[in-house]
Structure formats: structure tokens, C-alpha cells
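# Per-entry structural report
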Amino acid sequence: RAGGGGGETLFSTLRPGTHLRPHCGSTNTRLTAHLGIVIPPGCSIRAGNEWREWREGEVLVFDDSWEHEVRHRGGEDRVVLLINFWHPELAEHERRIELDTWGYQPI
């Protein structure tokens, strides 16, 4: 069990022609933010029924427990800074990580 953790930060790079098929995160106890770093035209993400395009220097936040997918129809790599963080509506005592399952589980 980890104490106040739960966050994860990484750079996500997608090559032109990439399609991340529809998928869902394992829990709704966290949110995901994408900060657009290098965003060529033709890159989009769908969360639920809504399609959005990234913009350099802007942040998209979504609940990745909803079905989502990514399409990259641009001509150069797309780069975002991906940040996962606890859902702000969780109480402190609800925030924990189950290390034995490598997943996020609310108490």
C-alpha cells in the first residue's frame, strides 16, 4: 500500500497512422490530463461520445474509465505530457494503491 501517491506522469508519443482502439481505464478514482507538446494537424481523441483535438500548450482532462480512443492522421509524431491524478471528489481515506494488483482501488 502506498501512502498519498496515485499520480503518474509520462510523455506519450504517437507516430503518424496510429489508432489506439477503444478501451477503458481500470477505475474512475483518477483523472487523466494531456498537455499538448507537439500536435500536428489530424490528431484527435474520443472520450465517451465526444471527439476533441489537442492543441499545443493546452490541457485536456478526462475520466479514462470512460471508453476512449485516439486517432493520429497527421504527418509527424504527436507528443503529449500525460498526467494521471486522484479524482478531486475522492476523500483522502479513499485514496490508495493496491500494489499486489498494480491497480487503483477505492477503499
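Residues numbered from 1 in each chain as written. Predicted model: local features only at pLDDT ≥ 70, side-chain atom pairs only at ≥ 80, totals over all residues. Heavy atoms only, no water.

### Quick notes on the overall build of the chain
- Tallying secondary structure elements over the chain gives zero helices and 10 strands in all.
- Written out in order from the N terminus, the α and β elements of the chain read β-β-β-β-β-β-β-β-β-β.
- Residues counted as buried form 38% of the 107 residues belonging to the chain.
- Partitioning the contacts of the chain with sequence separation of at least 6, the portion at a separation of at least 24 is 73%.
- Carbon and sulfur atoms form 50% of the exposed surface of the chain, whose accessible area is close to 6600 Å². (Helix = DSSP H or I, 4+ residues; strand = E, 2+ residues; numbered from the N terminus. Buried < 20%, exposed > 50% of the residue type's maximum accessible area, 1.4 Å probe, protein only. Contact = heavy atoms within 4.5 Å. Areas by Shrake-Rupley, 256 points an atom, 1.4 Å probe, with all protein chains shown as cover.)

### Focus on the sheet that holds strand β6 (residues 59-62)
- Strands sit in the order β1-β8-β3-β6 across an open sheet of four strands; the sheet is antiparallel. The two strands at the open ends of the sheet, each matched to only one other strand, are β1 (8-14) and β6. Taking the axes of each pair of neighbouring strands and ignoring which way they run, one obtains an average angle of 25° across the sheet.
- With seven bridges connecting them, β1 and strand β8 (residues 78-86) associate as antiparallel partners. Opposite Phe11, over in β8, you have Leu81 as the bridge partner. (Pairing = 2+ DSSP bridges. Axes fitted to C-alpha atoms, helices over the stretch in contact; angles between N-to-C directions.)

### Overview of the pattern of salt bridges
- Counted by the stated rule, this structure contains seven salt bridges.
- A salt bridge links Glu8 to Arg30; the shortest N-O distance between them is 3.8 Å. With a gap of 22 residues between them, Glu8 in strand β1 and Arg30 in strand β3 (residues 30-38) connect regions that are remote in the sequence.
- Given a relative accessible area of 35%, Glu8 falls into the partly exposed group.
- Judged by its relative accessible area of 10%, Arg30 is buried.
- In this structure, Glu69 and Arg46 form a salt bridge, with 2.9 Å as the shortest nitrogen-oxygen distance. Remark: Arg46 occurs in strand β4 (residues 43-47) and Glu69 occurs in strand β7 (residues 68-72); sequence separation between them is 23 residues.
- A relative accessible area of 6% means that Glu69 is categorised as buried.
- Linked by salt bridges that have partners in common, Arg46, Glu67, Glu69 and Arg71 make up one network. (Salt bridge = Lys/Arg side-chain N within 4 Å of Asp/Glu carboxyl O.)

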